[in-house]
Amino acid sequence: MTSKLPPNASVAASLEGAKLHAPAAARNAEFLCDLLRAHAPKSGQALEIASGTGQHVTAFAIAMPGLRWHPTEVDAARISSIDAYVQDAGLGNVAPARMLDATQADWHRQAGQKDLIVLINLLHLIPEQPAKTLVTEAMRALSPGGSFILYGPFKRNGVLTSDGDARFDADLRAADPAIGYKNDQDLCAWLEMAGAHPLKRIDMPANNLAFIATKPQP
């Protein structure tokens, strides 16, 4: 799950010890917690794909203590950062971070059934086929009635709707022509093909979108 990225794509600076700090994660943690409080189950097993520095999963675990959180990453330094944040916060509802490349087929078999899967700010950083694999595998890893919550920047009906989005998408594609913003309608189609029903789309701050995909009960 790696691509050549421009410097503004995934910014994280070193703090004390193993901790890394991402300014974007600090900015959006509060409203992402609000999103999850409104749409996530109150209890059960929660998997975060691409947990980054650990700032998000720490905030989520504090805001939703009834969930048992399972953070994952592909980068060893970020795994160490996640564990450092969790340890410093004294959280008992977060498992040790583990390595997971969610763009690989069949990872749902090792993940086990989860009541909630969360993905923040990743799909624009990976090519289309790996993104489709991630979506399909995440839906397979959900328990019946579980929710897959995705957040990030997207095209609307194939159109970039702000100057900032147009610049960022151009930077991404200049670094790697295979990556860049995904279209909201394409994502909805991938989710529906993977069995999501119902599917909600929510407008978020900074021109981002959230998608709430539910796995039907049998």
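Let me sum up the structure you'll find in this document. (Residues numbered from 1 in each chain as written. Predicted model: local features only at pLDDT ≥ 70, side-chain atom pairs only at ≥ 80, totals over all residues. Heavy atoms only, no water.)

Across its full length, the protein carries 7 helices and 11 strands. Computed over its C-alpha atoms, the radius of gyration of the protein comes to 16 Å, within 12% of the 17 Å expected for a compact globule of 218 residues. Looking at the protein as a whole, 50% of its 218 residues are labelled buried. Taken together, the 20 basic and 22 acidic charged side chains of the protein have centroids lying 3 Å from each other. (Helix = DSSP H or I, 4+ residues; strand = E, 2+ residues; numbered from the N terminus. Rg over C-alpha atoms; globule rule 2.2 N^0.38 Å. Buried < 20%, exposed > 50% of the residue type's maximum accessible area, 1.4 Å probe, protein only. Lys, Arg positive; Asp, Glu negative; His and termini not counted. Charge placed at Lys NZ, Arg CZ, Asp CG, Glu CD.)

When you tally the buried positions in strand S11 (residues 209–214), you get 6 out of 6 residues, the bulk of the element. Going residue by residue along S11, you find Leu-209, Phe-211 and Ala-213 tucked away on one face and Ala-210, Ile-212 and Thr-214 tucked away on the opposite face as well. Relative to S11, strand S7 (residues 142–152) runs antiparallel, the two being bridged by 6 bridges. Counterpart to Ile-149 in the pairing with S11 is Ile-212. Across 5 bridges, strand S10 (residues 199–203) lies against S11 in antiparallel orientation. Residue pairing for S11: Leu-199 is matched across the bridge by Ala-213. Counting the residues between successive antiparallel strands, the hairpin from S10 to S11 contains 5 residues, one of them, Ala-206, with a positive phi of roughly 60°. (Pairing = 2+ DSSP bridges.)

Paired through their backbone hydrogen bonds, the strands of a sheet run either parallel or antiparallel. Across the sheet, which stays open at both edges, the 7 strands sit in the order S5-S4-S3-S6-S7-S11-S10 with mixed pairing between neighbours. Pairing within the sheet leaves two strands with one partner each, and these edge strands are strand S5 (98–99) and S10. As paired elements, strand S3 (residues 44–49) and strand S4 (residues 67–73) share 5 bridges and run parallel to each other. Within S4, the position partnered with Gly-44 by the bridge is Leu-67. Lying on the sheet, helix H1 (residues 23–39) is in contact with S4, strand S6 (114–120), S7, S10 and S11; it crosses S7 at an angle near 155°. (Contact = heavy atoms within 4.5 Å. Axes fitted to C-alpha atoms, helices over the stretch in contact; angles between N-to-C directions.)

Tallying each qualifying case throughout the model produces 4 aromatic pairs. With centroids separated by 5.6 Å and ring planes inclined at 40°, the aromatic side chains of Phe-60 and Trp-69 adopt a geometry described as tilted. Judged on exposure class, the residue Phe-60 and its partner Trp-69 are both buried. Measuring from centroid to centroid gives 6.1 Å for Phe-168 and Tyr-181, while their planes differ by 85°, and the two rings are edge-to-face. Taken together, the residues Phe-168 in helix H6 (residues 163–175) and Tyr-181 in the loop between H6 and strand S9 (182–183) connect sequence positions 13 residues apart. We note that Phe-168, like Tyr-181, is buried. (Phe/Tyr/Trp six-rings, centres within 6.5 Å; stacked < 30°, edge-to-face > 60°.)

Tallied over the full model, the rule gives 7 salt bridges. Between Asp-106 and Arg-109 there is a salt bridge; the shortest N-O distance is 3.7 Å. Look at Asp-106 and you get partly exposed, because its relative accessible area is 34%. Judged by relative accessible area, which is 60%, Arg-109 ranks as exposed. Here Arg-173 makes a salt bridge to Asp-169, at a shortest N to O gap of 2.9 Å. Here Arg-173 and its partner Asp-169 are both found in helix H6, 4 residues apart, which amounts to about one turn of the helix. Here Asp-169 falls in the buried class, since its relative accessible area comes to 6%. Here the residues in one salt-bridge network are Asp-184, Arg-201 and Asp-203, joined through shared partners. (Salt bridge = Lys/Arg side-chain N within 4 Å of Asp/Glu carboxyl O.)

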